[in-house]
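The primary structure of each chain is shown beneath.
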Amino acid sequence: MHRCSIDEILLKIQNEESFEAVAEDYSFTLKVEDYVPYVCGAVHDGHQFRKSLWDNCTHTQYERWYEEDPCTKAMVQSHPIVIAGCDSRFEYDLNRPPETAVYKDAWGKELWKEPLLEKEKQISLNKHLNFYRVVKVLIEKLESKYPKILVFDMHSYNWKRWDREVPVWNLGTININNNRFGALVEQWRERLENMVLPIEMQTTAKINDTFQGNGYFLKYITRNFDNTLVLATEISKVYCDEHTGIIFPEVVRSVEEQFKIMVPKMVRAFEIENV
């Protein structure tokens, strides 16, 4: 992996180079082993929180971790194109539009002891802007090479906070063209439900049960690219203890290994579907 400027990353994509890079400010990583017709994204994987914000933040490290999506990059790291955030969503949220990407409060609690300085906010917003500059050029390049692109938008959620039974997997679809892509979404749901995990519960998968797919990553790509389908895919945090922060690596690895088979099959199904 190399540390690259945004312009260097953009040039590599435009030249169709294979590379693995971290942005020069360490805000996100991008791996492109081959220019295939699908992308795996993990925008909430990051936990970094820059030091200039530490003393002003009311949320503990654990409270931030609890709302992040740890290990979502690890679940898809085997695939040829993977883009992932390195910074905590509490610094800026890549799954929100720029105007709301820097939180004032989070989950019912004021985030800052003192109002955030404008210069601090701009540092965060510049990172957000640069991430989407890269996303735009990446999808443009792939759409120039293939008739259709599939994006696996990986997230996780805290299932123990719900007071009802919730699925292991949830797909959010209200912001995609379900008339065009509904059958493909159902195929993905079925594949996820058939996954066998080393957990003490049945693997279930539902559509728009806990979340509906309102994230900016999905909306940005869907709005700007007519032939790219984003599958907002959330796993409940059955792969960790969300109350203690302990990760269950055998579950994470199981998802990764099964995705090695399931994701390419889904891409092939998308390629032959007349949509």
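All values reported here derive from a predicted model rather than from experimental measurement.

(A) Quick look at the overall build of the protein chain. Scanning the protein chain from N- to C-terminus turns up seven helices and 13 strands. For the protein chain, whose C-alpha radius of gyration is 18 Å, the value lies close to the compact-globule estimate of 19 Å for 275 residues. With the C-alpha coordinates of the protein chain rotated into their principal frame, the extents come out at 55 × 50 × 35 Å. Taking the contacts inside the protein chain whose residues are at least 6 apart along the sequence as the reference set, 77% of them involve residues at least 24 apart.

(B) Inspection of the nonpolar core at higher detail. The biggest cluster of nonpolar side chains holds 79 residues, and the ones touching the most others in it are Leu30, Phe152, Trp169, Trp188 and Phe259. Sequence-distant contacts of Phe152, that is, excluding residues within four places in its chain, are made with Tyr38, Val39, Cys40, Gly41, Trp188, Leu231, Val263, Met266 and Val267. With eight residues, the next largest nonpolar core counts Cys57, Phe90, Leu111 and Trp112 among its residues.

(C) Inspection of the environment of Asn224 at higher detail. Note that Asn224 resides in helix H6 (residues 216-224). Classification of Asn224 by relative accessible area gives partly exposed; the value is 37%. Between the C-alpha atoms of Asn224 and Lys136, which are 88 residues apart in sequence, the distance is 8.2 Å.

(D) The pattern of salt bridges, seen in detail. Scanning the model with the defined rule gives 20 salt bridges in all. Taking the shortest distance from any N to any O, the salt bridge between Arg50 and Glu91 comes out at 2.5 Å. Of this pair, Arg50 sits in the loop between strand S4 (38-42) and helix H2 (61-67) while Glu91 sits in the loop between strand S5 (81-85) and strand S6 (105-106), and the two are 41 residues apart along the sequence. A single burial state applies to Arg50 and to Glu91, both of which are buried. Measuring nitrogen to oxygen at the nearest pair gives 2.5 Å for the salt bridge that ties Lys136 to Glu140.

(E) Spotlight on the pairing of strand S9 (residues 169-172). Both faces of S9 are covered, namely the face carrying Trp169 and Leu171 and the face carrying Asn170 and Gly172. The pairing of S9 with strand S10 (residues 205-207) spans three bridges and is classified as parallel. Looking across to S10, one finds that Leu171 is bridged to Ile207. The parallel pair S9 and S10, bridged by helix H5 (residues 178-193), forms a crossover whose chirality is right-handed. Alignment of S9 against strand S11 (residues 228-236), held across four bridges, turns out to be antiparallel. Looking across to S11, one finds that Leu171 is bridged to Thr233.

(F) Here's a closer look at the packing of aromatic side chains. Scanning the model with the defined rule gives 20 aromatic pairs in all. The aromatic ring of Phe270 is capped on one face by Lys148, whose charged end is 5.0 Å from the ring centroid. In this structure, Lys237 is placed above the aromatic ring of Trp65, and the distance from its NZ or CZ to the ring centre is 5.4 Å.

(G) Focus on the packing of helix H4 (residues 118-145) against H6. At their nearest, the axes of H4 and H6 sit 11 Å apart, and the two run at 45° to each other. In terms of orientation, H4 and H6 fall into the oblique class. At the point where H4 passes H6, the crossing takes the right-handed sense. In contact with His128, Phe131, Tyr132, Val135 and Lys136 of H4, H6 contributes Tyr216, Phe217, Tyr220 and Ile221.

(H) Looking closely at the packing of H5 against helix H7 (residues 249-272). Where H5 contacts H7, the axes come no closer than 11 Å and their chain directions differ by 165°. As summarised for this structure, H5 and H7 are arranged roughly antiparallel, according to the angle between their axes. At the point where H5 passes H7, the crossing takes the right-handed sense. Between H5 and H7, the contacting residues are Phe181, Leu184, Gln187, Trp188, Arg191 and Leu192 on the first element and Phe259, Met262, Val263, Lys265, Met266, Ala269 and Phe270 on the second. For the contact of H5 with H7, a count of residues per class yields 10 nonpolar, one polar and two charged.

(I) A look at the sheet that holds strand S3 (residues 28-32). Strand order in this open sheet of nine strands is S1-S2-S3-S5-S4-S8-S11-S9-S10, and the pairing throughout is mixed. Both edges of this open sheet fall to strand S1 (2-4) and S10, since each of them pairs with a single strand only. For this sheet, the mean angle separating the axes of adjacent strands, direction not counted, is 20°. Taken together, the five bridges between S3 and S5 define a ladder with antiparallel strand orientation. Within S5, the position partnered with Lys31 by the bridge is Val82. Along the sheet face, helix H1 (residues 6-14) touches S1, strand S2 (19-23) and S3 and points at about 155° away from the line of S2. Seen against the sheet, H5 touches strand S8 (149-157), S9, S10 and S11 and runs at an angle of roughly 155° to S10.

Definitions and cut-offs
- Residues numbered from 1 in each chain as written.
- Predicted model: local features only at pLDDT ≥ 70, side-chain atom pairs only at ≥ 80, totals over all residues.
- Heavy atoms only, no water.
- Helix = DSSP H or I, 4+ residues; strand = E, 2+ residues; numbered from the N terminus.
- Rg over C-alpha atoms; globule rule 2.2 N^0.38 Å.
- Contact = heavy atoms within 4.5 Å.
- Core = buried A, V, L, I, M, F, W, Y, C linked by side-chain atoms within 4.5 Å.
- Buried < 20%, exposed > 50% of the residue type's maximum accessible area, 1.4 Å probe, protein only.
- Salt bridge = Lys/Arg side-chain N within 4 Å of Asp/Glu carboxyl O.
- Pairing = 2+ DSSP bridges.
- Right-handed = clockwise from strand over helix to strand, strands pointing away.
- Phe/Tyr/Trp six-rings, centres within 6.5 Å; stacked < 30°, edge-to-face > 60°.
- Lys NZ or Arg CZ within 6 Å of the ring centre and 35° of its normal.
- Axes fitted to C-alpha atoms, helices over the stretch in contact; angles between N-to-C directions.
- Parallel < 35°, antiparallel > 145°, perpendicular 65-115°, else oblique.
- Left-handed = near helix turned anticlockwise from the far one by under 90°.
- Nonpolar A, V, L, I, M, F, W, Y, C, P; charged D, E, K, R; others polar.

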